[in-house]
Amino acid sequence: MASSTVGSTGDALSKLQIDDLASSAPSLRKNLVLLSPQQVALAKMLLEMKQSHLFEHWPEPGVEDDEKRAFFDQVARLNASYPGGLASYIKTARELLADSKAGKNPYEGFTPSVPSGETLTFADENFIRYEEAGVREARKAAFVLVAGGLGERLGYNGIKVALPLESTTGTCFLQHYIESILALQETSCRLAQGEGPTEIPLAIMTSDDTHSRTLELLEKNAYFGMKPSQVKLLKQEKVACLDDNDARLAVDPKNKYRIQTKPHGHGDVHSLLYSSGLLKEWLGAGRKWFYFSKILMAIPASLGVSATNGYHVNSLAVPRKAKEAIGGITKLTHKDGRTMVINVEYNQLDPLLRATGYPDGDVNCETGYSPFPGNINQLILEIGPYLEELSKTGGAIKEFVNPKYKDSTKTAFKSSTRLECMMQDYPKTLPPSARVGFTVMDPWLAYAPVKNNPEDAAKVPKGNPYHSATSGEMAIYRAHSLILRKAGVKVDDPVQAVFNGQEVDVWPRIVWKPKWGLTFSEVKSKVSGNCSITGKSTIALKGQSIYLENLALDGALIIDADGAEVKVGGSVQNAGWTIESVDFKDTSVPEEVRIRGFRINKVEQLEKAYKEPGKYSLKP
């Protein structure tokens, strides 16, 4: 058997003409007999791409042979997961590293201008019109959730999607996200009266760090009410690290038989959707849109904008102060006639404007905001044109490299680098005929990122957003309070408090299940008379058909009415639930509580559960 293997490998060597190349890597040459023909082909590719250094420390055959084969298993994975293979990755890396060393301006020859889009004001007639259009269109949509990261940056060691969205009910993010899709699915299909698709699919991009834990979370909770067939997990692979400007692949410092790898960025979601065949499957099932978003209340209206305006790409955005540290949605026109509408990072936008005839750079206009809206990395794409475009590139999108040089000569790196890609850079490859626009939403509705740990958040200058678990939860209470105010409820103003060194506005703790109200029209239809909620109050509405009629709440009220219709009114007064500070350094407290800096103390509440169908009235 051994002689047969050696013979077949010898034939492969002859056919692949690797002998001349292998002379540059004598250690590899001695070990070629261990490799399969497919592995020999990968070896030839690496040598052609001038990567012979990877084999410098390989011992004689018979020593650590399994590790040598494992090396090529890794190379095969890296080669298969990148559009065009590892040779294409190295070639692109050399081009981008050369541009970086030369200080090439990626926007050379481009002039910026404000693109066309829609600016919406929550609850006005225009907003409601788009919201209604979006709900009708939703049954033809699919959702994509990028969930490849852990919560380590927040001070939490689990997966981010398992974190409680808020402390009042403890509902985790993934449960809320799926329940929002199901609520939208039910409403949209009811309006369609049985026409077209009836289930909205969800694709989740995971990583080595999050894949098994995300699957476990779904399975443990019966997919939070979704059919398992509706959910597809797509695992993102890492990419090879680069040691120098020649794009020499970096050897893992802990294992000479492994190439060092790092994440490629959330832009990988495009190639995964393409290579998985999901886009063709969705298009064939009559789907027209898909949504990269984590902002649930903004979904219907923004989808309505896409459908009404026929946008191939719709970027969700928020008003942005000039020079604020958030990228701006910008139209770029090249002197050769090319145009594109993309996100331009804030530290690039101001100098680009100054260099192209705007001496004051990025300044606020008469609205008090920059005319370039703030990018929040949420996209709606039309599937047909998107699939057509990705078919040209094999799913690849424009990449960038960000090496940290040791000195001004730019000849050596402080540490290895890699190519990266961002989801929002997809429009860079689109032709001028592509219809690319934006939808600006109120910041309190559409933008509350959670990315900073308590120590870093406490260092943020007063008046700037903390972007922490503390501010993120308070943003939910603020949004729900403002929505109810728009619906006619008298909601007390917030009070200020300090948690984990962050001064935040504490609104009444108002939460509801998505099926109670995913659109403003739904919320408004379930509130009537003179309703009021005091600042100390907590209210949780867990059911589709709960109606507030002349409710005066001063305390805690929890209504669970799945399948029942309940009218809630009158005066509800009790000691309620209080918020108690906790120290994020106190390791006796669970991480998900510590990172917020507070816990809920359930002192007293009126709590009612209606498990049987029927009509009920609750008027204490």
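All values derive from a computational prediction rather than experimental measurement.

**Student:** Mind showing me how you'd approach the overall build of the protein here?
**Tutor:** Secondary structure assignment for the protein yields 19 helices and 29 strands. The C-alpha radius of gyration of the protein comes to 28 Å, within 12% of the 25 Å expected for a compact globule of 620 residues. The dimensions of the protein, computed from C-alpha atoms along their principal axes, are 90 × 60 × 55 Å. Taken over 620 residues, the protein has a buried fraction of 50%. For the protein, the proportion of contacts with a sequence separation of at least 24, taken over those separated by at least 6, is 70%.

**Student:** Would you explain the nonpolar core in this entry?
**Tutor:** One recurring pattern in soluble globular proteins is that nonpolar side chains are buried together. L174 and L484 are the most contacted members of the largest nonpolar core, which totals 100 residues. Sorting elements by how many residues they give to this core places helix 8 (residues 173-192) first, with eight residues. Setting aside chain neighbours within four positions, we find L174 in contact with L145, V161, I204, L217, L218 and F224.

**Student:** It is not clear to me how the side chain of T470 should be interpreted in this structure. Could you clarify?
**Tutor:** Residue position: T470 is located in helix 17 (residues 469-486). When neighbours within four sequence positions are excluded, T470 is seen to be in contact with F499, N500, Q502, V504, I595, R596, G597 and F598.

**Student:** Help me understand helix 8 in this model?
**Tutor:** Owing to its 3.6 residues per turn, the α-helix brings residues three or four apart onto one side. With 20 residues, helix 8 extends 29 Å between its outermost C-alpha atoms, agreeing within 8% with the 28 Å of an ideal straight helix rising 1.5 Å per residue. In terms of burial, helix 8 is largely enclosed, as 17 of its 20 residues are buried. Positive phi appears at Q193, one or two residues downstream of helix 8, with a value of about 55°.

**Student:** So what exactly am I meant to see when it comes to unusual backbone geometry here?
**Tutor:** Glycine aside, residues mostly have negative phi angles, and peptide bonds mostly take the trans form. Although it is not a glycine, A247 sits at a positive phi angle of roughly 60°. With respect to the helices and strands, the residue A247 is situated in the loop between strand 6 (239-240) and strand 7 (261-262). For A247, a relative accessible area of 0% translates into the label buried. For H467, which is not a glycine, the phi torsion comes out positive at approximately 50°.

**Student:** Any chance you could explain the pattern of salt bridges here in plain terms?
**Tutor:** In a structure, side chains of opposite charge can pair up when their charged atoms sit close to one another. According to the stated counting rule, one finds 25 salt bridges in the structure shown. A salt bridge links E179 to K513; the shortest N-O distance between them is 3.1 Å. Of this pair, E179 sits in helix 8 while K513 sits in the loop between strand 19 (509-512) and helix 18 (520-525); the two residues are 334 residues apart in sequence, bridging distant segments of the chain. A relative accessible area of 19% means that E179 is categorised as buried. We note a salt bridge from D425 to K428, for which the minimum N-O separation is 3.7 Å. Judged by relative accessible area, which is 3%, D425 ranks as buried.

**Student:** Explain the packing of helix 5 (residues 65-81) against helix 6 (residues 85-102) to me, please; I cannot follow it from the model alone.
**Tutor:** Any two packed helices are characterised by how steeply their axes cross, that is the angle between the axes, and by the distance between the axes. Two numbers describe how helix 5 lies on helix 6: the axes approach to 6 Å, and their chain directions differ by 70°. In terms of axis orientation, helix 5 runs roughly perpendicular to helix 6. Here V75, L78 and N79 of helix 5 come into contact with helix 6, specifically with G85, L86 and A87. Counted by class, the contact of helix 5 with helix 6 contains four nonpolar, two polar and no charged residues.

**Student:** What exactly am I supposed to notice about the packing of helix 7 (residues 125-137) against helix 8 here?
**Tutor:** Where helix 7 meets helix 8, the axes come as close as 7 Å, and the angle between the chain directions of the two elements is 90°. With respect to each other, helix 7 and helix 8 are oriented roughly perpendicular. Across the interface between the two elements, V135, R136 and E137 of helix 7 pack against L184, T187, S188 and L191 of helix 8.

Reading the values: the criteria
- Residues numbered from 1 in each chain as written.
- Predicted model: local features only at pLDDT ≥ 70, side-chain atom pairs only at ≥ 80, totals over all residues.
- Heavy atoms only, no water.
- Helix = DSSP H or I, 4+ residues; strand = E, 2+ residues; numbered from the N terminus.
- Rg over C-alpha atoms; globule rule 2.2 N^0.38 Å.
- Buried < 20%, exposed > 50% of the residue type's maximum accessible area, 1.4 Å probe, protein only.
- Contact = heavy atoms within 4.5 Å.
- Core = buried A, V, L, I, M, F, W, Y, C linked by side-chain atoms within 4.5 Å.
- Expected span 1.5 Å × (residues − 1).
- Salt bridge = Lys/Arg side-chain N within 4 Å of Asp/Glu carboxyl O.
- Axes fitted to C-alpha atoms, helices over the stretch in contact; angles between N-to-C directions.
- Parallel < 35°, antiparallel > 145°, perpendicular 65-115°, else oblique.
- Nonpolar A, V, L, I, M, F, W, Y, C, P; charged D, E, K, R; others polar.

As far as function goes, none of this settles anything; it's purely spatial.
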